[in-house]
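# Chain and residue survey
Now for the letters of each chain:
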Amino acid sequence: GAQLVVGGEFDEQDKFIAPCVLLNVDENMAVMQEEIFGPVLPVLTYKNLESVVERIEKLPKPLAMYILSKNKKNTEYLIQHSTAGGTAVNELMISTLNPALPFGGVNNSGIGKSNGKYSFIEFSNERGVLKRNFLDFKMIFPPYNKKVIDLLMRLARL
């Protein structure tokens, strides 16, 4: 039911799909029911930002959200009122190449992050280890003797 206005060419043998732009898309269409892993851009219209957030919330959380806007207030509103694996503002795909940014999904679009140090952390068992190598802190646990009570009272006055 959507109208293909750009692209549509493909070559299965070469595993090529030309970038596609779809108009007259509604949220019940198959293209809006699953994550798109290909150069397909369904264009939906809206009257206000609240309706955009409502649409986003009806669907599974996306792997990525791309906001193309010159309006900083609108951009911040969308970021604050939505969830996605990652978000890029006025950029397309370049965010996945930056090793300083985590890349990965949330909920249905996957769990975990990759890219640079995030891959290392995600696929490692990061854990804290604490070892006391000096001093005995038994004196800070009850029951307290008179020496400890006097010391604590002096410290409390400082």
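Everything that follows concerns the structure shown earlier in this document.
Residues numbered from 1 in each chain as written. Predicted model: local features only at pLDDT ≥ 70, side-chain atom pairs only at ≥ 80, totals over all residues. Heavy atoms only, no water.

Okay, the overall build of the protein next. Each helix and strand in the protein was counted, giving five helices and seven strands. Along the protein, helices (α) and strands (β) appear in the sequence β-β-β-β-β-α-β-α-β-α-α-α when read from the amino end. With 158 residues in all, the protein has 16% of them scored as buried. A separation threshold of at least 6 residues defines the contact pool for the protein, and within that pool the share at least 24 residues apart is 21%. Carbon and sulfur atoms provide 58% of the accessible area of the protein, an area that totals close to 13,000 Å². (Helix = DSSP H or I, 4+ residues; strand = E, 2+ residues; numbered from the N terminus. Buried < 20%, exposed > 50% of the residue type's maximum accessible area, 1.4 Å probe, protein only. Contact = heavy atoms within 4.5 Å. Areas by Shrake-Rupley, 256 points an atom, 1.4 Å probe, with all protein chains shown as cover.)

Among the nonpolar cores identified, the biggest contains seven residues, and these are Leu-49, Val-52, Val-53, Met-65, Ile-67, Leu-78 and Ala-84. Put simply, the parts of the chain that give this core at least two residues each are helix H1 (49-58) and strand E6 (64-67). For this core, the element with the most residues is H1, which contributes three residues. Sequence-distant contacts of Val-53, that is, excluding residues within four places in its chain, are made with Tyr-77, Leu-78 and His-81. (Core = buried A, V, L, I, M, F, W, Y, C linked by side-chain atoms within 4.5 Å.)

Within the open sheet, the three strands sit side by side as E1-E4-E5. Their pairing is mixed. Only two strands of the sheet have a single neighbouring strand rather than two, namely strand E1 (3-6) and strand E5 (40-42). Neighbour to neighbour, the strand axes of the sheet diverge by 30° on average, direction disregarded. With three bridges joining them, strand E4 (residues 20-23) and E5 adopt parallel strand pairing. Each bridged residue has a counterpart across the sheet, and for Val-21 the counterpart in E5 is Leu-41. (Pairing = 2+ DSSP bridges. Axes fitted to C-alpha atoms, helices over the stretch in contact; angles between N-to-C directions.)

Next up on the list: the layout of surface pockets. For the largest pocket, the calculated volume is near 1,700 Å³. In terms of lining residues, the largest pocket is bounded by 41 residues, among which Leu-41, Pro-42, Ala-64, Met-65 and Tyr-66 are the most central. Mapped onto the lining of the largest pocket, the elements with two or more residues apiece are E5, H1, E6 and helix H2 (72-80). By residue class, the composition of the lining of the largest pocket is 27 nonpolar, nine polar and five charged. (1 Å grid on protein atoms, 1.4 Å probe; cavity = no way out; pocket = protein on both sides within 12 Å on 5 of 7 lines; lining within 4 Å. Points joined across faces, edges and corners; volume = space filled by probe spheres on them. Nonpolar A, V, L, I, M, F, W, Y, C, P; charged D, E, K, R; others polar.)

Our focus in this paragraph is the side chain of Ser-82. Position of Ser-82 among the secondary structure elements: in the loop between H2 and strand E7 (86-89). One polar contact links the side chain of Ser-82 to the main-chain carbonyl oxygen of Leu-78, over a distance of 2.5 Å. Those residues in contact with Ser-82 that lie beyond four places of it in its chain are Ile-56 and Met-65. (Polar contact = N/O pair within 3.5 Å; in protein donor to acceptor, adjacent residues only side chain to side chain.)

On to H1. Burial in H1 covers these residues: Leu-49, Val-52 and Val-53. Along the long axis of H1, the arc covered by the buried residues comes to 95°, so they all point the same way. On its buried face, H1 is in contact with H2. Between the side-chain oxygen of the N-cap and the backbone nitrogen of Glu-50 there are 3.2 Å, and the N-cap of H1 in question is Asn-48. (Arc of directions from axis to C-beta.)

In this section: the environment of Glu-9. Here Glu-9 is to be found in the loop between E1 and strand E2 (10-11). For Glu-9 and Pro-19, which are 10 residues apart along the polypeptide, the C-alpha to C-alpha distance reads 8.3 Å.

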